[in-house]
Amino acid sequence: MLKIESIMPGSYAEEIGLQPGDRLLAINSQPVNDLLDYHLSLETERLQLEVLCANDELWDLDIEKGLMDDLGLEVEHPDPRVCGNQCQFCFVHQLPKGMRKTLYVKDEDYRFSYLYGSYITLSNLSEEDYTRIIEKQLSPLYVSVHATDAQVRGRLLGSEVPAVLPLIERLTSHGISLHCQVVLCPGLNDKEILDQTIADLSALYPQVASLAVVPVGLTQFREKLPVLERLNEADAVLCLDQIHGWQDKLLKSSGSRFVFAADEIYLRAQRDFPELEAYEDFAQIENGVGMIAQFRAQTEEVLFEAAPLGLKTVTLITGLSFCEELREFCHRLSLRCGTTIQLVPIRNDFFGPQITVTGLLTGADIISQLKGKTLGQALLVPDVLLRDGDLMLLDDLTLEDISRALQVPVVDIDNTPWGLLDALELLDLNTEIEQC
């Protein structure tokens, strides 16, 4: 039984009379126990709903819809299962005190891996979980491997965990596709250990569909935590040479490069990025793999479409690592649109200078570094900064808080070239309407 939290206006759910507080009992005779059951049940054109209404009436409802259409209702979201590992590089352990409680939850939930692409270690799955994953064909799943060497992996995870390869083989032998990642910690799981990990996982291709290698992120709040080294330029160069060697080999043997380095490794190595096609189907783009290559491809499309606007000046913020890439595009787009786009890189004083990605910037740093500056008609904030779907940043400040502190409208934008152009065009339109 699953409680309905809200109904979208104009949706199928509103049309058939469902209300917040009603409870879904079954869809097409299958019990609905959680969010996962609900989403799986929607993948058909005809639905038979059994509903317990808030007034205790039992309803049987028939719905015909488009195959990919949603019913337009929000159901209660389960609390995530908590991770019991003590990973040496866990970002939650590197947070300062005083932030909102949800940030300190270490989730490890296969349901969220299937629904949202979050990474799990497979260390807390029960026999019942395996049965459900296999019977429901919950694929793909996203797995944090880090090392296939059992001793090294146990050290990285800080726990006694089962060997990961048999767990992966069990899932893949039943048709479950996996995307895997390695958080690279110099001196622990690089070099020969990384070679072994790539060899073991690539042997299971195509069911293990891809492997991303991402650098460990270290904040300034690592008191009483194991000492870890940041990936430096020399480390990054060696890592890329290693990965490119494997890509060449695997492309010949299997038709896929299989293993991919995060964009940040190319930046630290000061190496050019591969061409767009080298990222194949961009399976790991949400993990920071291929974002810059895709950004560059979209840049040319946007510049071709951009036209002059009446908007005068806006300010766009970014993290330090992406600043130079974004600066050239902003300059060229400014020339096309006639709008001055002031690009301001924000230092991460909150987490420390080693954290340079845009997605980990805080409202406090944005306010302190922009206070007193002339920002133009709007401040544009990439949506990768926002959490919880409520326009809130990591330190609990909202876009409204930033707007009030800086005395400027703040607009969240999609973190792509198209997102920036769309925001400029919408601001220009709103300005014209206000002037009429």
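Bear in mind the structure is a predicted one, so any value in this text is a computation, not a measurement.

## Some remarks on helix α4 (residues 127-136)
Every α-helical turn comprises 3.6 residues, leaving residues that sit three or four positions apart pointing alike. All of the buried residues in α4 are Asp129, Tyr130, Arg132, Ile133 and Ile134. Of the surrounding secondary structure, the elements contacted by the buried residues of α4 are α2 (35-41), α3 (110-116), β7 (141-144) and α6 (164-173). Gln137 sits one or two residues past α4 and shows a positive phi near 50 degrees.

## Things to note about the pairing of strand β13 (residues 379-382)
Working note: regular strand, side chains alternate between the two faces of the sheet. Here β13 shows no split at all, with Leu379 and Val381 on one side and Leu380 and Pro382 on the other all buried. Pairing of strand β11 (residues 313-318) with β13, which is carried by 2 bridges, proceeds in the parallel orientation. Directly across from Thr315, in β13, lies its bridge partner Leu379. Here β13 pairs with strand β14 (residues 410-413) via 4 bridges, running parallel. Bridged to Leu380 within β14 is Val411.

## Quick word on a negative patch on the surface
The grouping of Glu301, Glu305, Asp414, Asp422 and Glu425 at the surface amounts to a negative patch. Along the chain, Glu305 falls in helix α10 (residues 291-305).

## So, the packing of helix α12 (residues 363-370) against helix α13 (residues 399-406)
The geometry of α12 relative to α13 is characterised by a closest axis approach of 10 Å and an angle of 15 degrees between their N-to-C directions. By the criterion of interaxial angle, the relationship of α12 to α13 is roughly parallel. The way α12 lies across α13 gives a crossing that is right-handed. Facing α12, whose interface residues are Gly363, Ile366, Ile367 and Leu370, α13 presents Asp401, Ile402, Ala405 and Leu406. Taken together, the residues of the contact of α12 with α13 sort by class into 6 nonpolar, 1 polar and 1 charged.

## Looking at the sheet that holds strand β9 (residues 208-215)
Overall, parallel pairing links the 4 strands, which are arranged β7-β8-β9-β10 in an open sheet. Unpaired on one side and paired on the other, β7 and β10 (259-261) mark the two borders of the sheet. The average angle at which neighbouring strand axes cross in this sheet is 25 degrees, direction not considered. Alignment of β7 against strand β8 (residues 178-184), held across 4 bridges, turns out to be parallel. Bridge assignment links Ser144 to a residue of β8, and that residue is Gln181.

## Quick look at the side chain of Thr318
Structurally, Thr318 can be placed in strand β11. With sequence-adjacent residues up to four places away left out, Thr318 is seen in contact with Cys323, Leu326, Leu343, Val344, Pro345, Ile346, Thr358 and Leu361.

## Overview of the packing of aromatic side chains
Within this structure, the stated rule accounts for 10 aromatic pairs. Judged by centre distance (6.1 Å) and plane angle (85 degrees), the rings of Tyr205 and Phe258 are edge-to-face. You can see Tyr205 sitting in the loop between α7 (191-202) and β9 and its partner Phe258 sitting in the loop between α8 (233-254) and β10, a full 53 residues away along the chain. A relative accessible area of 1% places Phe258 in the buried class. A ring pair is formed by Phe350 and Phe351, whose centres lie 5.0 Å apart and whose planes are at 85 degrees; its orientation type is edge-to-face. When the ring centre of Tyr130 is taken as reference, the NZ or CZ atom of Arg170 above it lies at 4.4 Å.

## Observations regarding the sheet that holds β11
Hydrogen bonds between backbone groups are what pair the strands of a sheet, and the pairing can be parallel or antiparallel. Spatially, β12-β11-β13-β14 is the arrangement adopted by the 4 strands of the open sheet, whose pairing is parallel. With one partner strand each, in any of the chains shown, β12 (340-345) and β14 form the two edges of the open sheet. Ignoring which end each strand starts from, the neighbouring axes of this sheet average 30 degrees apart. In the packing of helix α11 (residues 323-337) onto the sheet, contacts are made with β11 and β12, and the angle to β12 comes to roughly 170 degrees. Contacts between α13 and the sheet are confined to β13 and β14, with β14 contributing the most and set at about 140 degrees to the helix.

## Thoughts on the packing of α4 against α6
Relative to each other, α4 and α6 sit at 35 degrees, their axes nearing to 10 Å. Note that α4 runs across α6; the crossing there is right-handed. Contacts from Glu127, Tyr130 and Ile133 in α4 reach Leu167, Arg170 and Leu171 in α6. Looking at the contact of α4 with α6, its residues break down into 4 nonpolar, no polar and 2 charged.

## Some points on the environment of Ala297
Take Ala297: it is sitting in helix α10. When its relative accessible area of 29% is taken as the criterion, Ala297 is described as partly exposed. Remark: the alpha-carbon pair of Ala297 and Phe221, spanning 76 residues in sequence, is separated by 37 Å.

## Here we look at α13
Burial in α13 covers these residues: Leu399, Ile402 and Leu406. Seen from one end, α13 has its buried residues packed into an arc of 60 degrees, which puts them on one side. Those residues of α13 hidden inside the fold are in contact with α12, β13 and β14. Within two residues after α13, Gln407 carries a phi angle of roughly 55 degrees, on the positive side.

## Some words on the pattern of salt bridges
Overall, the coordinates contain 16 salt bridges when judged by the stated rule. Notably, a salt bridge pairs Arg46 with Glu64, separated by 2.6 Å at the nearest N-O pair. A residue pair is termed long-range when its members are at least 10 positions apart, and Arg46 in strand β4 (residues 46-52) and Glu64 in strand β5 (residues 58-64) qualify at 18 residues. Judged by relative accessible area, Arg46 falls into the partly exposed class, the value being 43%. Put simply, Arg111 and Asp109 hold a salt bridge, and the shortest N to O gap is 2.8 Å. Taken as a pair, Arg111 and Asp109 share a single burial class, namely buried. Shared partners join several salt bridges into a network, and the residues in it are Asp34, Asp37, Asp109, Arg111 and Arg132.

Analysis parameters
- Residues numbered from 1 in each chain as written.
- Predicted model: local features only at pLDDT ≥ 70, side-chain atom pairs only at ≥ 80, totals over all residues.
- Heavy atoms only, no water.
- Buried < 20%, exposed > 50% of the residue type's maximum accessible area, 1.4 Å probe, protein only.
- Helix = DSSP H or I, 4+ residues; strand = E, 2+ residues; numbered from the N terminus.
- Contact = heavy atoms within 4.5 Å.
- Pairing = 2+ DSSP bridges.
- Patch = residues over 30% accessible without salt bridge, like charges linked within 9 Å, V, L, I, M, F, W, Y side chains within 5 Å.
- Areas by Shrake-Rupley, 256 points an atom, 1.4 Å probe, with all protein chains shown as cover.
- Salt bridge = Lys/Arg side-chain N within 4 Å of Asp/Glu carboxyl O.
- Lys, Arg positive; Asp, Glu negative; His and termini not counted.
- Charge placed at Lys NZ, Arg CZ, Asp CG, Glu CD.
- Axes fitted to C-alpha atoms, helices over the stretch in contact; angles between N-to-C directions.
- Parallel < 35°, antiparallel > 145°, perpendicular 65-115°, else oblique.
- Left-handed = near helix turned anticlockwise from the far one by under 90°.
- Nonpolar A, V, L, I, M, F, W, Y, C, P; charged D, E, K, R; others polar.
- Phe/Tyr/Trp six-rings, centres within 6.5 Å; stacked < 30°, edge-to-face > 60°.
- Lys NZ or Arg CZ within 6 Å of the ring centre and 35° of its normal.
- Arc of directions from axis to C-beta.

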